[in-house]
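Here is what each chain is made of, one letter per residue.
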Amino acid sequence: MKRLNLKSSSLLLAAMAWGFLSIGKEPNIVLIVSDDQGYRDLGCFGSDEIKTPHLDHLAKGGVKLTNFYVAWPACTPSRGALLSGRYPQRNGIYDMIRNEAPDYGYKYKLGEYEGTFERVGGMDEREILLPEVLAKSGYASAIFGKWDLGVHKRFLPLSRGFDDFYGFANTGIDYYTHERYGVPSMFRNFKTTTKDKGIYCTSLFEREALRFLRQEKDRPFFLYLPFNAPHGASNLDPVIRGGAQSPEKHKALYPELQARVGTEKRTVRRYGSKTYTVPNKAARRLEFVGSVTAMDESIGKILSFLEKHELAENTIVIFLSDNGGGGAADNFPLRGNKGQMFEGGIRVPCIVRWPAMLPAGETCDEFLTSLEVFPTLCEAVEAKKPKGVKLDGFDMIPVLQGKKKSKRMEMFWQRRLDKAARVGHWKWVESGRGNGLFDLRKDLSEKKDLSAERPEILKKLKDRFANWKKEMADAEPRGPFRDY
Ligand SMILES: [Ca+2]
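Residues numbered from 1 in each chain as written. Predicted model: local features only at pLDDT ≥ 70, side-chain atom pairs only at ≥ 80, totals over all residues.

Caption draft 1: Molecular detail of the confidence of the model for the chain. Averaged over every residue, the pLDDT of the chain is 94; residues scoring 70 or more account for 95%. Low confidence marks residues 1–23, where pLDDT is under 50. Its contacts with residues over four positions away, or in another chain, come to 16 contacts. (pLDDT = per-residue confidence, 0-100. Contact = placed C-beta atoms within 7 Å.)

Have a look at this one:
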């Protein structure tokens with residue numbers, strides 16, 4: 001929304017008298033991120049199982065993006081790229097900030113945990129994040145949920161432009177204890193808190209979001225709401241850790257799954273090759289869908305607040321999953337899942353609603369990515385983009401309005417040794433999970449490898465990837481993984 005360019009105070013007074021001033025106000029921003037939700041884990045993305053009435057309502061009032069990617073197939077780098085507007089390899093967060101030892105059954109003692117990478121790693125302080133830019137335009141910014149970009153004080157949200165933080169700073173917790181493998185992990189601003197231990201965390205993030213909205217509704221606000229649902233619980237107990245956690249109330253909405261709940265034997269190698277009795281597939285899916293519906297209900301309360309206070313018209317609401325579905329998710333019709341370079345790892349459901357500027361009930365199949373979010377929001381609020389900082393995306397509003405084609409011609413991904421490139425409708429994957437050249441226009445499920453038939457296309461994509469790698473290598477190095 002462009003601000004009205006009112007040149008004289010008399011005109012301003014006239015505008016106020018006519019009640020026009022409200023349309024000249026900067027838009028509010030609500031950025032909602034879910035965690036490991038699959039491409040088909042929303043009613044409006046084709047699921048006939050999962051119940052997401054409020055997200056479906058959001059889509060009806062805005063634009064559904066069906067060809068939208070994140071910059072990395074798992075949590076930390078995906079979020080870093082979203083908030084910096086830069087490729088993971090450019091901003092420095094191109095791997096997870098997490099300890100691997102709990103995967104092998106190791107339990108940290110608190111004092112020892114303090115010195116681990118999960119505790120000391122974080123987003124390079126030279127990176128400029130979205131709330132810092134918005135603050136310069138007078139925005140109040142808050143984050144409630146999963147931060148995932150560093151636990152030390154200098155990395156925490158309040159050191160990176162946010163005014164208000166309630167949530168966890170590492171990459172995953174138990175939904176009720178708020179512990180990460182036994183380590184208390186809930187924060188209020190700079191301090192950990194155990195005050196709400198035992199309360200389902202989605203409800204807590206909703207509570208804090210509504211508090212912030214009540215407090216800041218009369219000025220421009222940026223509410224970042226990265227839920228941890230439906231990510232698996234980071235609990236040492238393999239029975240709990242097997243998946244998401246849902247309140248009973250929301251599980252009761254899925255009688256067909258409930259009827260099939262049971263247990264099964266599973267050998268978990270990373271716990272020293274032991275066999276456990278764990279929840280069966282239906283039970284894991286039940287916790288998963290229940291946690292999504294609980295999150296959807298919380299999103300509904302945020303949307304209701306906006307409507308009740310007549311803020312919906314000029315609030316940009318963006319919803320996306322941080323990476324492809326993992327665990328009990330449903331990524332149909334995409335191949336692969338979280339962590340992988342196939343579409344199921346990187347193409348995610350996304351919805352953008354902004355009634356003042358965007359059409360309602362539309363579907364956009366243009367090639368777009370989460371790297372577009374930062375420049376889009378800067379443009380929407382007329383904030384100055386950070387000087388001298390190379391952003392990797394562009395304003396996508398004209399594309400969502402149906403006025404322009406997407407400027408995105410290519411996108412690249414690398415996770416350790418796994419690589420992928422998309423150039424136009426062609427996709428190349430080279431990974432531990434499989435290789436191939438695919439024509440996404442005809443083969444969205446990446447079933448038919450065309451490497452042998454189209455060597456010239458394969459070469460072109462590999463060349464573009466090499467070119468991108470060189471550009472990333474030439475960029476000013478950023479920590480914590482890269483030496484600088
Ligand atoms: Ca995730």
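Picking up after the structure, the text goes on.
Caption draft 2: Expanded view of the packing of helix 2 (residues 53–60) against helix 12 (residues 281–308). Between helix 2 and helix 12, the least distance of the axes is 7 Å, while the angle of their chain directions is 45°. Relative to helix 12, helix 2 is oriented oblique. On helix 12, the residues touching Pro53, His54, Leu55, His57 and Leu58 of helix 2 are Asp296, Glu297, Ile299, Gly300 and Leu303. (Axes fitted to C-alpha atoms, helices over the stretch in contact; angles between N-to-C directions. Helix = DSSP H or I, 4+ residues; strand = E, 2+ residues; numbered from the N terminus. Parallel < 35°, antiparallel > 145°, perpendicular 65-115°, else oblique.)

Caption draft 3: Highlighting the packing of helix 8 (residues 201–216) against helix 12. The geometry of helix 8 relative to helix 12 is characterised by a closest axis approach of 9 Å and an angle of 10° between their N-to-C directions. The angle between helix 8 and helix 12 falls in the class roughly parallel. Of helix 12, the residues touching helix 8 (which contributes Thr202, Ser203, Phe205, Glu206, Ala209, Leu210 and Leu213) are Ala294, Met295, Ser298, Lys301, Ile302 and Phe305. In the contact of helix 8 with helix 12, the residues fall into eight nonpolar, three polar and two charged. (Nonpolar A, V, L, I, M, F, W, Y, C, P; charged D, E, K, R; others polar.)

Caption draft 4: How the structure looks around the sheet that holds strand 13 (residues 315–321). The strand order across the open sheet formed by ten strands is 9-8-5-4-10-1-13-14-2-15, and the pairing between neighbours is mixed. Each edge of the sheet is formed by a strand with only one pairing partner; in this case those strands are strand 9 (191–192) and strand 15 (362–364). For strand 2 (residues 63–65) and strand 15, the ladder comprises three bridges, and the chain directions are parallel. Its bridge partner being in strand 15, Lys64 is matched across the sheet by Thr363. (Pairing = 2+ DSSP bridges.)

Caption draft 5: Focus on the sheet that holds strand 19 (residues 426–431). If you walk across this open sheet you meet the four strands as 17-18-19-20, and the pairing is antiparallel. What marks the edges here is a single partner per strand, and that holds for strand 17 (410–415) and strand 20 (434–439). Between one strand and the next, the sheet's axes are offset by a mean angle of 5°, whatever the strand orientation. Bridge count between strand 18 (residues 418–423) and strand 19: five bridges; the pairing is antiparallel. When the sheet's bridge partners are listed, Arg422 is paired in strand 19 with Lys427. Contacts between helix 16 (residues 455–474) and the sheet are confined to strand 17, strand 18, strand 19 and strand 20, with strand 18 contributing the most and set at about 110° to the helix.

Caption draft 6: Focus on the environment of Tyr104. Structurally, Tyr104 is set in the loop between helix 4 (88–91) and helix 5 (110–113). Between the alpha carbons of Tyr104 and Ala473 there is a distance of 33 Å; along the sequence they are 369 residues apart.

Caption draft 7: Just unusual backbone geometry, in detail. Between Ala229 and Pro230 the backbone carries a cis peptide bond, its omega angle lying at -5°. You can see Pro230 is positioned in the loop between strand 10 (221–226) and helix 9 (238–241). Residue Pro480 follows Gly479 across a cis peptide bond; omega there is 5°. Here Asp36, not a glycine, exhibits a phi torsion of approximately 75°, which is positive. For Asp36, the position within the fold is in the loop between strand 1 (28–34) and helix 2. Overall, Asp36 belongs to the buried group, with 28 C-beta atoms counted inside 10 Å. (Buried ≥ 20, exposed ≤ 12 C-beta atoms within 10 Å, placed from the backbone.)

Caption draft 8: A look at helix 8. Between the first and last C-alpha of helix 8 there are 22 Å, a value that for 16 residues agrees with the 22 Å anticipated at 1.5 Å per step. Those residues of helix 8 not exposed but buried are Cys201, Thr202, Leu204, Phe205, Glu206, Glu208, Ala209, Phe212 and Leu213. Structurally, helix 8 contributes buried residues whose contacts are with strand 4 (140–146), strand 5 (164–168), strand 10 and helix 12. (Expected span 1.5 Å × (residues − 1).)

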